[in-house]
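These are the residues of each chain, in order.
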Amino acid sequence: MAEDKKTLKKSFWSPARILATGLVVGLIVIAACRSDVDTNLKLALPGSTAASKVVPRDFDVPTLDGRTFKLSEYRGKVVVVDFWATWCPPCREEVPQLVRLAEQNRTRGIEVIGLHIDDQGRSPESAIKRFISQYEINYTVGMASNEMFTDYLGTVEDTIPQTLVFDRKGNAVAHFVGYDKSHARKLDEAVNLALAGS
C-alpha cells in the first residue's frame, strides 16, 4: 500500500505537469502585473489636425463659478485631464499629485484640468466646493457631462479616476485607469515625455 502511494506521488509530478504548472503560474504573474496605463492612443484634443486620431467634440465645460471653457483652448500646452468624483477613494489619492504637477510645472506650459463626472446628483455643488477646498486644488475644475466622458473614454471602462496626458500638439500620450502608488511615477514620466516631445 505504501509502495502504491509512492508510485502515485511520483507519477503525479511528472516533468510535463511541473512544466505546465510553471507555465500557469507564469501567466498568472503576468496577468497580475498587467499595466493599466495605455500609451498607444489614437485620441487627440479638439482642434487638433491629426488625421489618424479620434478627435472628440469640443464641449463647453461649465465650472462651479459660472464660467465655461473648451479643451481646445489649451492646445499648445501639455494638458493633463482627470475624470474624477468626490466620493472616489482613488481620486482622493491622486489629487495631491495633480496639485503638485500643477504647482511645479505651470511655468513649463502644463495645464491640469479636473473634470468631475456627472454622477446624477451624488455630489452636490457644495460637496465639490468643499472637496476643492479640502484638497487645495489649484487647477481648473469643470463639470463633465456623460457625453463628454464617453466621447473621450468610450463606454467599455467606466472606472474613475481616468487620467489622460496630451502633448503640445494635442495628441494623447498616456491614459491611466484608476490610481495606485505605481501611477505616481508613471504619471510624472508621461508628463515629462509630453514635454520632451514637444
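Just so it is clear, the model here is predicted, and its values are computed rather than measured.

Criteria and cut-off values
Residues numbered from 1 in each chain as written. Predicted model: local features only at pLDDT ≥ 70, side-chain atom pairs only at ≥ 80, totals over all residues. Heavy atoms only, no water. Core = buried A, V, L, I, M, F, W, Y, C linked by side-chain atoms within 4.5 Å. Buried < 20%, exposed > 50% of the residue type's maximum accessible area, 1.4 Å probe, protein only. Helix = DSSP H or I, 4+ residues; strand = E, 2+ residues; numbered from the N terminus. pLDDT = per-residue confidence, 0-100. Contact = heavy atoms within 4.5 Å. Disulfide = S-S within 2.5 Å. Phe/Tyr/Trp six-rings, centres within 6.5 Å; stacked < 30°, edge-to-face > 60°. Lys NZ or Arg CZ within 6 Å of the ring centre and 35° of its normal.

Asks: Quick question: what am I supposed to make of the nonpolar core here?
Replies: If you look at soluble globular proteins, the nonpolar side chains tend to sit buried side by side. By size, the foremost hydrophobic cluster in this structure holds 52 residues, and its most contacted members are Leu 71, Phe 83, Leu 115, Tyr 139, Tyr 152, Val 165 and Phe 166. If you list the elements that add at least two residues to this core, you get strand S4 (78-84), helix H3 (89-105), strand S5 (110-116), helix H4 (125-134), helix H5 (146-153), strand S7 (162-166), strand S8 (172-177) and helix H6 (181-196).

Asks: Please clarify how unusual backbone geometry should be interpreted in this entry.
Replies: Leaving glycine aside, a negative phi is the common case for residues, and trans is the common case for peptide bonds. Between Ile 160 and Pro 161 the backbone carries a cis peptide bond, its omega angle lying at 0 degrees. Tracing the backbone through its elements, the reader meets Pro 161 in the loop between H5 and S7. One non-glycine residue, Gln 120, adopts positive backbone phi at about 50 degrees. Its identity as a non-glycine residue notwithstanding, Glu 136 has a phi of 50 degrees, on the positive side. Tracing the sequence through the fold places Glu 136 in the loop between H4 and strand S6 (140-143).

Asks: How do you make sense of the confidence of the model for the protein chain when you look at a structure like this?
Replies: Any region with low pLDDT has predicted coordinates that should not be read closely. With 78% of its residues at a pLDDT of at least 70, the protein chain reaches an overall mean of 83. Low pLDDT, under 50, characterises residues 20-35; the stretch is placed with two contacts to residues that sit more than four places away or in other chains.

Asks: I tried to follow the state of the cysteines on my own but got confused; where do I start?
Replies: Formally, a disulfide is one covalent bond, and it connects the sulfur atom of one cysteine to the sulfur atom of another. Tallied over the entire structure, the rule returns one disulfide. A sulfur-sulfur separation of 2.4 Å characterises the disulfide bridge that pairs Cys 88 with Cys 91. Because the sign of the S-S torsion sets the handedness, a value of about 80 degrees for the bond joining Cys 88 and Cys 91 places this disulfide among the right-handed ones. Classification of Cys 88 by relative accessible area gives buried; the value is 3%.

Asks: What exactly am I supposed to notice about the packing of aromatic side chains here?
Replies: Tallied over the full model, the rule gives five aromatic pairs. Directly above the aromatic system of Trp 87 lies the positively charged group of Arg 122, at a separation of 3.9 Å from the ring centroid.

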